[in-house]
Amino acid sequence: MAAHVHQQSARAAVRTSWLGLRYLVGHHVLRHDPPLIRGLVLTNRCNLHCRHCRVSERDPMDLSFAEVTAAVDAFYAEGGRCLYLEGGEPFLWRDAAHRLDDIVQYAHGVGYLTVVVYTNGTLPLRTSADTVFVSVDGLQATHDALRGTSFERIMGNIRESPHPSLFINSTINSRNKDEIRAFCDHVEGIANIRGTFFYLHTPYYGHDALELDAVERQRVLRELLVLRRDHRILNSRAGLESALRNDWARPLGACSVYEEGVVYECCRYSGDLDLCRQCGYLSYAEIDQVLKLKPSAIGNAVKYF
Ligand code: SF4
């Protein structure tokens, strides 16, 4: 699967650059904005119980394969070419004999340019998706306190994965905010991780103890601006500076999420303007900066999009 995935990633990089160019020309010249990214929530089931997440408390739900393919077809017909597969834990998704990679292959067959998987990393990282983001929220003790004992298992799965486009997603909160440099140093030692994308804790379920106050938020963002000079941090300078100003467009209409038959603009919580002002979903700050033609954001997006 490794060689197959490697060739596929190279092809996807070329096609995605073309998609980006086409999208930017449409946005700036033709004033036409086709949808850019859709996340598909495949399942509510998860094998972790993270402190910041309540998905696993919902009714267990797996989309049927027929519902998934209908959603995949529908987004393609709207003009979408980038699909994010998420959960719950997407590697747990199944419908009869169908598994996650059947969805990935179906989406590639339909013509999607990029299929991305967001996973907690506790299951073997074997997929023909173009890019895989693994959630790790700090060094071992901190990560395990936040997400349950899983750090060692995740690191083992990362080491054993043949996937050529593995990245870490890490969400900064009040618990891990003081070990960002140590965490970045740790990740630098993992050869097959291509980089880390940082988010800030977002109070989706109301204000909580993990939230960063305004001063800490600014300090953390400034620290990331320094760390990205000599660490493989995916957040661009433009994206972090936009986060410092808290001025990226929201909700971001180019992005959407499909969950149980409903399509949400930006995320499942759009419409809550107070929450949006405190949003720490920094990948949307990146997309906003790409649409504003900021070179550092465009350069970064080509790496993982
Ligand atoms: S909280 Fe608001 S800005 Fe953030 S992802 Fe959700 S809808 Fe978008």
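Above this note sits the structure.
Keep in mind that what you see is a predicted model, and the values were worked out from it rather than measured.

So, the nonpolar core
Membership of the largest hydrophobic core comes to 74 residues, with the highest contact counts inside it found for L40, L83, L85, V115, V134, C255 and I287. Broken down by element, the residue count for this core peaks at six residues, all from helix α10 (residues 282-291). When near neighbours in sequence (up to four residues on either side) are disregarded, I287 contacts L36, L252, A254 and C255.

Focus: the packing of helix α2 (residues 65-78) against helix α3 (residues 100-110)
In the contact formed by α2 and α3, the axes pass within 10 Å of each other and the chain directions differ by 30°. Taken together, the axes of α2 and α3 lie roughly parallel to each other. The two elements α2 and α3 cross, and the hand of that crossing is right-handed. Contact residues: F65, V68, T69, V72, D73 and Y76 in α2; D102, I103, Y106, A107 and V110 in α3. Among the residues forming the contact of α2 with α3, the class breakdown is eight nonpolar, one polar and two charged.

Observations concerning the site of the ligand
Surveying the vicinity of the ligand reveals 13 residues, the closest of which are R250, C266, C267, C276 and C279. The class makeup of the residues in the shell around the ligand is ten nonpolar, two polar and one charged.

Section: the sheet that holds strand β10 (residues 262-265)
Sheet strands pair by backbone hydrogen bonding; their relative direction is either parallel or antiparallel. Reading across from one edge, β8-β7-β6-β5-β2-β1-β9-β10 is the order of the eight strands in this open sheet, with mixed pairing throughout. Each edge of the sheet is formed by a strand with only one pairing partner; in this case those strands are β8 (196-200) and β10. If you compare each strand with its neighbour and ignore which way they point, the axes differ by 25° on average. Looking at chain direction, strand β6 (residues 131-135) and strand β7 (residues 166-172) are connected through four bridges and run parallel. Bridge pairing in β7 places V134 opposite I168.

What counts as what
- Residues numbered from 1 in each chain as written.
- Predicted model: local features only at pLDDT ≥ 70, side-chain atom pairs only at ≥ 80, totals over all residues.
- Core = buried A, V, L, I, M, F, W, Y, C linked by C-beta atoms within 7 Å.
- Buried ≥ 20, exposed ≤ 12 C-beta atoms within 10 Å, placed from the backbone.
- Helix = DSSP H or I, 4+ residues; strand = E, 2+ residues; numbered from the N terminus.
- Contact = placed C-beta atoms within 7 Å.
- Axes fitted to C-alpha atoms, helices over the stretch in contact; angles between N-to-C directions.
- Parallel < 35°, antiparallel > 145°, perpendicular 65-115°, else oblique.
- Left-handed = near helix turned anticlockwise from the far one by under 90°.
- Nonpolar A, V, L, I, M, F, W, Y, C, P; charged D, E, K, R; others polar.
- Near = placed C-beta within 6 Å.
- Pairing = 2+ DSSP bridges.

Purely spatial values, then, with no claim about function.
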